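Coordinates in review
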Amino acid sequence: MTEPTWAKVHYPKIDFQDQYYYSAPKSTSAPSSLDEVDPQLLETYKKLGIPLKEQELLAGVKSSQVAVDAVFDSVSVVTTFKAELKKAGVIFCSFSEAVREHPELVKKYLGSVVPQSDNYYAALNAAVFSDGSFVYVPPEGVRCPMELSTYFRINEKNTGQFERTLIIAERGAYVSYLEGCTAPTRDENQLHAAVVELVAMDEAEIKYSTVQNWYPGDKNGKGGIYNFVTKRGDCRGHHSRISWTQVETGSAITWKYPSCILRGDYSRGEFYSIAVSNGYQQVDSGTKMIHLGKNSSSRIISKGIAAGRSQNTYRGLVSAHRKATNVRNFTNCDSLLIGDKCGAHTVPYIEAKNSSAHFEHEATTSKISDDMLFYCRQRGLSSEEAVALVVNGFVRDVLQHLPMEFMAETQKLIGISLEGSVG
Amino acid sequence: MNVAIPKTKAEQALTEAFAASASKLPGGTAVKSARNDAIGAFSALGLPHRRIEEWKYTDLRVNFKDVAPPAIDDATAVSAEDVRAALGSVANVDVHAVVFVNGRHRKDLSTPGAMAGLEVQPLAGALTSGSDAVTEGLTTTTGPRSDATIALNTAFMTDGAVVRIGNGATLDKPLMVVFVTAGPRAHLTSVRNVISAGDGSTATLIEAHVALQGAATGGQTNTLSEVTTGKGAALTHIKIAAGTNAAVHLANWNVSLGANAEYRGFQYTSGQALARNQIHTVYTGPGGKLDLSGAYLVRGNEHVDTTLVVDHAVPQCESRELFKDVLDDRGRGIFQGKIIVRPNAQKTDGKQMAQALMLSPDAEFDSKPELEIYADDVVCGHGTTSAELDGDLLFYCKSRGIPENEARALLIESFVGEALDKVEHDDLRAALSQYATVWLNAPRS
């Protein structure tokens, strides 16, 4: 395999021999107090106003109704609420534990959505992945009683993170899963190549939300995470449903296309994305909706915000197989430009291989209206607050699809990401 | 990937055909060297295939297998009546006509009446007698550098129209350049038009590629129009590719727009086994306005690909695109449209729309509208849709007493009509609308 070069991202060649593929956190138990956390990260939390779920975990707060699996560097360190989940029959554990405890499930589903030869970075992940999260929701209408959450953090210098997530929702099951990613400031570029596989059987629903805030590099474009991620959901059963919601604010480079294979009849795929880039960040993200089942439908809403010297690309595919009759897709990707040094690009592929497919695609690109900014400034907001307000309005359609707890934080996170982009 | 791909039969045939016919192609030393460079470039490039992003949906290595012998000094007997018959309803439009048969200028069939400010010369003559400076202008293009179809055109071009519209001139009626395919033998016809519209001029130019009744099937046409518009010029450019002889039609338009110039381009394509219409436009001065549109009627196993690039290299320019594909049987329509807005091209206004109407379950439409934007003070958008005939509309028509087949025709005509309305010349629009009606009423294969 050769390294893919089609994305609109530029970076020095990665030396894959010079990567650390496994790193265990210094202590195997969770940090006991917030003092152990990177102060810069804490400052960000402070700006966010509301403690993130991750912070609660770090602080040892156990009252939150969110079950968390935390993966530090290459090892899953703690998983909470296991017992409660077990009562509902839901398995939520680290990948290493799943391999030990539920080998039959892992064997059956691992690599069935993203085979090891799928693409360059998926192959790398398949070769070196060390841990990750595993979720299994049993059949016949089991609703996962709480939001599941995984928190990924790269702590160690010079390491890459290669985790694997596998979520299986059996017949009629429902699960909502949120992943948060973060990394402290580092000079070197670090590699993150994860693979996420989702399997939804008949009438099952998986809601997968990501708030990605990896270190984006400093203001001169030095350092930052290279985020090369393969995420794919397989709507295997009829009336199954997979929904991807992503908020991409971090990483020096984002190369990520959460996709849905709509295999089941009447299955539905959704993709809601906010990609904010500032400084020297490069984002090439989008989705693939592959319609194989009859009457399947999909919806794509993508909002890209480019500021500073960043490049923000939406790249997507919507295709209808010859035998997939009556499929529907609606795609809307809007881009907002802040400043004249950044770029926003849209590269959609629409392939209708039968006449009953109804595909609609629209995209617009524009800048923040001066009138809007003027109005906000006149009302006493600073220019940064005004931009954050307008941008939050721009991304509202997507924000609504995030779990409640994370909406407010995300709004603030977007504001923080755009700091320094105006004035 | 630097894996050497073995040459296809067609690639070898093209290089061999060039070696065999190079001495018979028109042009002096400078032209010959340009032709040699071009065939060299083609040998290096090879026929474009699906691994090349711009050719993802149209693989010439697969679709262009047999190369017909190049048409050089062909003398097939064709009468003015034959040409009128081939043109159909368009023959009734009042125009100045310049006719080429199998890639060779036919003075006897042309009626280029004298018009103030208009100069028309056959390309073959210009290549042979022109100075080096003139011929250099005729052999170079503003199109993409590494395009195999352009290289082949430069290597093989035999004739075409060199059109110069003087500064401030206004043509009283359209100039029509007709390219006729005729005769029992299939040919590879390579033609090139070089069109320059002077500052402040106004003109309508029609480029018609038609086939005579009974012309051999399996012919190939490679046509290129190099268009330059001066400051404030207004040029309407219409291309008709209507054949009945299952031909391969490779077409390039390379357009450069001067400051405040207005260019309205329209393309009509039907009856081609494989058509690839490439349009490459670039603005050279601010205030340029571009309006591109097209109607493509596709049936049988036909494959029609429209690939365009609108390069907003300077500020304050406007672009509009509207393309409509009607796809029947196993017809395949492709639209690839890229709008580039360069870093300093502020105040750009670009909008693009591509729509497909699929009449048969086996039809296919692939669309890739692209925006590449590096400036912030812009308004750009694109849209694309594909669907079959709306059942509700059909039901409405039927409930009003319109029989189903008439209702279908009505709906299809109104779909195509939106694009045809872009043609401002009344008679020509009516003639093209007639083309669409004839196509719709043609017996199904």
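A short tour of the structure in this document, coming up.

Conventions we followed
Residues numbered from 1 in each chain as written. Chains lettered and ligands numbered in written order. Predicted model: local features only at pLDDT ≥ 70, side-chain atom pairs only at ≥ 80, totals over all residues. Heavy atoms only, no water. Contact = heavy atoms within 4.5 Å. Buried area = accessible area lost by both parts, 1.4 Å probe. Salt bridge = Lys/Arg side-chain N within 4 Å of Asp/Glu carboxyl O. Polar contact = N/O pair within 3.5 Å; in protein donor to acceptor, adjacent residues only side chain to side chain. Helix = DSSP H or I, 4+ residues; strand = E, 2+ residues; numbered from the N terminus. Nonpolar A, V, L, I, M, F, W, Y, C, P; charged D, E, K, R; others polar. Patch = residues over 30% accessible without salt bridge, like charges linked within 9 Å, V, L, I, M, F, W, Y side chains within 5 Å. Areas by Shrake-Rupley, 256 points an atom, 1.4 Å probe, with all protein chains shown as cover. Lys, Arg positive; Asp, Glu negative; His and termini not counted. Charge placed at Lys NZ, Arg CZ, Asp CG, Glu CD. Buried < 20%, exposed > 50% of the residue type's maximum accessible area, 1.4 Å probe, protein only. Core = buried A, V, L, I, M, F, W, Y, C linked by side-chain atoms within 4.5 Å. Phe/Tyr/Trp six-rings, centres within 6.5 Å; stacked < 30°, edge-to-face > 60°. Lys NZ or Arg CZ within 6 Å of the ring centre and 35° of its normal.

1. Section: the interface of chain B and chain A
Each partner contributes to the interface: chain B provides 34 residues, whereas chain A provides 32 residues. Each partner contributes to the roughly 2,700 Å² buried at the junction of chain B and chain A, and carbon and sulfur atoms together form 46% of this total. On the surface where chain B and chain A come into contact, there are 3 salt bridges. Among the ionic pairs, B:Glu372 bridges to A:Lys8, the shortest N-O distance being 3.7 Å. For the pair chain B and chain A, the number of links is 15 residue pairs in polar contact (both at pLDDT 80 or more). Counting only elements with at least two residues in the side of chain B that touches chain A, the list comes to strand S16 (364–373) and strand S17 (379–388) of chain B. A per-class count over the side of chain B that touches chain A returns 14 nonpolar, 9 polar and 11 charged.

2. Concerning a positive patch on the surface
Residues A:Lys288, B:Arg50, B:Arg51 and B:Lys56 make up a contiguous surface patch of positive charge. Tracing the backbone through its elements, the reader meets B:Arg51 in the loop between helix H2 (29–45) and helix H3 (60–63).

3. A closer look at unusual backbone geometry
We note that A:Glu203 has phi near 55°; this positive angle belongs to a residue other than glycine. Along the chain, the position of A:Glu203 falls in the loop between strand S9 (195–200) and strand S10 (205–213). With a phi angle near 45°, B:Asn102 is a residue other than glycine that sits in the positive phi range. Considering the arrangement of structural elements, one finds B:Asn102 in the loop between strand S1 (96–101) and strand S2 (104–105). We classify B:Asn102 as buried; its relative accessible area is 1%.

4. A closer look at the nonpolar core
Ranked by internal contacts, the top residues of the largest apolar core, which has 95 residues, are A:Leu148 and B:Tyr263. With 49 residues, the next largest nonpolar core counts B:Val83, B:Ala97, B:Ile240 and B:Phe415 among its residues.

5. As for the side chain of B:Thr8
For B:Thr8, the location among the structural elements is in the segment before helix H1 (9–21). Discounting chain neighbours no more than four positions away, the residues touching B:Thr8 are B:Leu47 and B:Arg61.

6. Considering the packing of aromatic side chains
Under the defined criterion, the tally for this structure stands at 21 aromatic pairs over all chains. Geometrically, the ring pair formed by B:Tyr268 and B:Tyr435 is edge-to-face, given 5.4 Å between the ring centres and 70° between the ring planes. Here B:Tyr268, found in strand S10 (residues 262–283), pairs with B:Tyr435, found in helix H10 (residues 426–441); they are 167 residues apart in sequence, far enough to count as distant. The class for B:Tyr435 is buried, based on a relative accessible area of 11%. Both rings, one in B:Phe323 and one in B:Phe335, keep their centres 5.5 Å apart while their planes meet at 40°; by these two values the pair is tilted. Of this pair, B:Phe323 sits in strand S13 (residues 318–327) while B:Phe335 sits in strand S14 (residues 332–341); the two residues are 12 residues apart in sequence, bridging distant segments of the chain. Comparing B:Phe323 with B:Phe335 shows no difference in burial state: the two are buried. One aromatic cluster in this structure is built from A:Trp6, A:Tyr11, A:Tyr120, A:Tyr121, A:Tyr226, A:Phe228, A:Trp255 and A:Tyr257. Over the face of the ring belonging to B:Trp55 we find B:Arg276, whose NZ or CZ atom lies 3.5 Å from the ring centre. The ring of B:Trp439 carries the charged tip of B:Arg299 above its face, separated from the ring centre by 3.9 Å.

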